[in-house]
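What follows is each chain in one-letter form.
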Amino acid sequence: MTDYRIAPSILSADFARLGEEVAEVIRAGANLIHFDVMDNHYVPNLTFGPMVCAALKPYATVPVDVHLMVEPVDDLIHAFAKAGANIITFHPEASRHIDRSLGLIKEYGCQAGLVLNPATPVNILENVLDKLDMVLLMSVNPGFGGQSFIPNTLVKIRKVREMLDEYERQSGRHKIAAAGADTFVAGSAIFGKADYKAVIDEMRQQLAQVG
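The structure displayed is predicted, hence computed values, not measured ones.

This paragraph deals with the pattern of salt bridges. Considering all chains together, one arrives at seven salt bridges under this definition. A salt bridge links Lys106 to Asp133; the nearest nitrogen and oxygen atoms lie 2.4 Å apart. Of this pair, Lys106 sits in helix H4 (residues 98-107) while Asp133 sits in the loop between strand S5 (111-116) and strand S6 (134-137); the two residues are 27 residues apart in sequence, bridging distant segments of the chain. Exposure remark for Lys106: the relative accessible area of 35% places this residue in the partly exposed category. One salt bridge connects Arg161 with Asp165, and the closest N-O pair in it is separated by 3.1 Å.

The next point concerns the sheet that holds strand S2 (residues 33-38). Taken in spatial order, the five strands line up as S2-S3-S4-S5-S6 in an open sheet, and their pairing is parallel. Across the chains shown, the open sheet's two edge strands, defined by having one partner strand only, are S2 and S6. Strand-to-strand twist across the sheet, computed as the mean angle between neighbouring axes with direction ignored, equals 25°. Sheet topology note: the S2/strand S3 (residues 64-69) ladder contains six bridges and is parallel. Counterpart to Phe35 in the pairing with S3 is Val66.

This paragraph deals with the environment of Tyr196. Relative to the helices and strands, Tyr196 is located in helix H6 (residues 196-208). Each C-alpha atom of the pair Tyr196 and Asn152 lies 29 Å from the other, and the pair is 44 residues apart in sequence. Setting aside its immediate chain neighbours within four residues, Tyr196 contacts Glu21, Glu24, Val25, Ala28, Ile190 and Phe191.

Right, let's talk about the side chain of Asp39 for a bit. By secondary structure assignment, the location of Asp39 is in the loop between S2 and helix H2 (50-56). Of the side chains bearing the opposite charge, Arg96 lies closest to the buried Asp39, which forms no salt bridge; the N-O distance is 13 Å. One polar contact links the side chain of Asp39 to the main-chain amide nitrogen of His41, over a distance of 2.8 Å. Apart from residues no more than four positions distant in its own chain, Asp39 is found in contact with Asn45, Leu46, Met69, Val70 and Glu71.

In this section: helix H3 (residues 74-83). If you check which residues of H3 are buried, you get Ile77, Phe80, Ala81 and Ala83. When H3 is viewed along its axis, its buried side chains cluster within an angular range of 160° and face the same direction. Residues of H3 that are exposed and point over 90 degrees away from its buried face: Asp75 and Lys82. Its buried side turned inward, H3 meets S2, H2, S3, strand S4 (87-90) and H4. Where H3 ends, the next residue or the one after it, Gly84, has phi of about 115°, a positive value.

Among the six residues in S2, six count as buried, and that is most of the element. Side-chain alternation along S2 places Ile33, Phe35 and Val37 on one buried face and His34, Asp36 and Met38 on a second face that is also buried. Tracing the backbone out of S2, into H2 and back to the parallel element S3 gives a crossover that is right-handed.

Cut-offs used in this document
- Residues numbered from 1 in each chain as written.
- Predicted model: local features only at pLDDT ≥ 70, side-chain atom pairs only at ≥ 80, totals over all residues.
- Heavy atoms only, no water.
- Salt bridge = Lys/Arg side-chain N within 4 Å of Asp/Glu carboxyl O.
- Helix = DSSP H or I, 4+ residues; strand = E, 2+ residues; numbered from the N terminus.
- Buried < 20%, exposed > 50% of the residue type's maximum accessible area, 1.4 Å probe, protein only.
- Pairing = 2+ DSSP bridges.
- Axes fitted to C-alpha atoms, helices over the stretch in contact; angles between N-to-C directions.
- Contact = heavy atoms within 4.5 Å.
- Lys, Arg positive; Asp, Glu negative; His and termini not counted.
- Polar contact = N/O pair within 3.5 Å; in protein donor to acceptor, adjacent residues only side chain to side chain.
- Arc of directions from axis to C-beta.
- Right-handed = clockwise from strand over helix to strand, strands pointing away.

In structure tokens, the structure reads:
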């Protein structure tokens, strides 16, 4: 059975009490805390900077997963690594040198990953599979929370999973930490509900039926 991970996105949390919100979802069973970082440049919105990450780090007893929706990415890779990020992912369109940006994340001791927008082809992963710990597939267009799921994401999940499985067979290297549909980022589906534990437990029950 797949060990599914739930990663609440603080984009949908109560900004006035972020520390408490992070602590509450962790007590409720969250495996990661997901930071959706937007710069009002790569995407038409503005959210959190590294100071917020550093301020929340003491509340996060699980890994902090930073999703950079920014352009260019390298300076903020440095800033969020220093602020305590454990995982850093970015969009390939936002980096001039994808391999170099992934290597920079690794230099800071963080896990590294790429984020594919709904219209980004999966073959962009082919030449950097050895550097990836995570592949995040966007089921909505980046920039706003609360959007509707794009059904073609299911096709992309299968393609990426096949690509990663084939890479593992050929390379004989370590299993990629998180790819395909084994980690689920959820924002408004969790934050704002009356009982975070009940919501996360229900998610796990639904995933358990998949296998």
